[in-house]
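So the chains spell out like this:
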Amino acid sequence: KQPSLQPTKHPTRHPTTKRPTRLPTTNLPTNKPTNTEVVFHVMGDIPYKISDEACLTLDLHTLAQQQLTSNTQTNFIVHVGDVQSAQKTRCVEYGFSNARRLMQPSENSTVPIFMLAGDNDWNDCPQPDEAWG
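Residues numbered from 1 in each chain as written. Predicted model: local features only at pLDDT ≥ 70, side-chain atom pairs only at ≥ 80, totals over all residues. Heavy atoms only, no water.

Undergrad: Help me get a handle on the state of the cysteines, residues and values and all.
TA: Each disulfide consists of a covalent bond between the sulfur atoms of two cysteine residues. Tallied over the entire structure, the rule returns one disulfide. Between the sulfur atoms of Cys91 and its disulfide partner Cys125 the distance amounts to 1.8 Å. On the sign convention where negative is left-handed, the bridge of Cys91 and Cys125, at about -85° about the S-S bond, is left-handed. With a gap of 34 residues between them, Cys91 in the loop between helix H2 (86–89) and helix H3 (93–103) and Cys125 in the loop between strand S3 (113–115) and helix H4 (128–131) connect regions that are remote in the sequence. Like Cys91, the residue Cys125 is buried in the burial classification. (Disulfide = S-S within 2.5 Å. Helix = DSSP H or I, 4+ residues; strand = E, 2+ residues; numbered from the N terminus. Buried < 20%, exposed > 50% of the residue type's maximum accessible area, 1.4 Å probe, protein only.)

Undergrad: Summarise the pattern of salt bridges; cite the residues concerned and give the values.
TA: Per the stated rule, a full pass over the model turns up one salt bridge. Among the ionic pairs, Glu53 bridges to Arg101, the shortest N-O distance being 3.9 Å. Residue Glu53 is located in helix H1 (residues 50–69), and its partner Arg101 is located in helix H3; the two are separated by 48 residues in the primary sequence. (Salt bridge = Lys/Arg side-chain N within 4 Å of Asp/Glu carboxyl O.)

The structure is reproduced here in structure tokens:
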């Protein structure tokens, strides 16, 4: 039976196409698996206010010091958004550029930081399309 080209409201419990009975194999040698540890930190909802900036700077500095003295190295940091309060800042460019300045690699932290946009960074802005500008 061939798959349907039209979506259905009644999905089947079993595949409608045949699956291969055997997966392809190889006789080539493979590398032994390694235990590679990936360490990362997740943060969000900071910096909303001036006092948060000092806290964020201290946190990044502490992390940088731990990188120098610990056997465990942090591979990256993920910021899950909300770098400003849309109600207070109205999503002006300074809020975004300030967050970028605080989180750029420096003596405070050499760990790469990946930033995502939160609802306060775009959706809650008075003019959401301009917040991306």
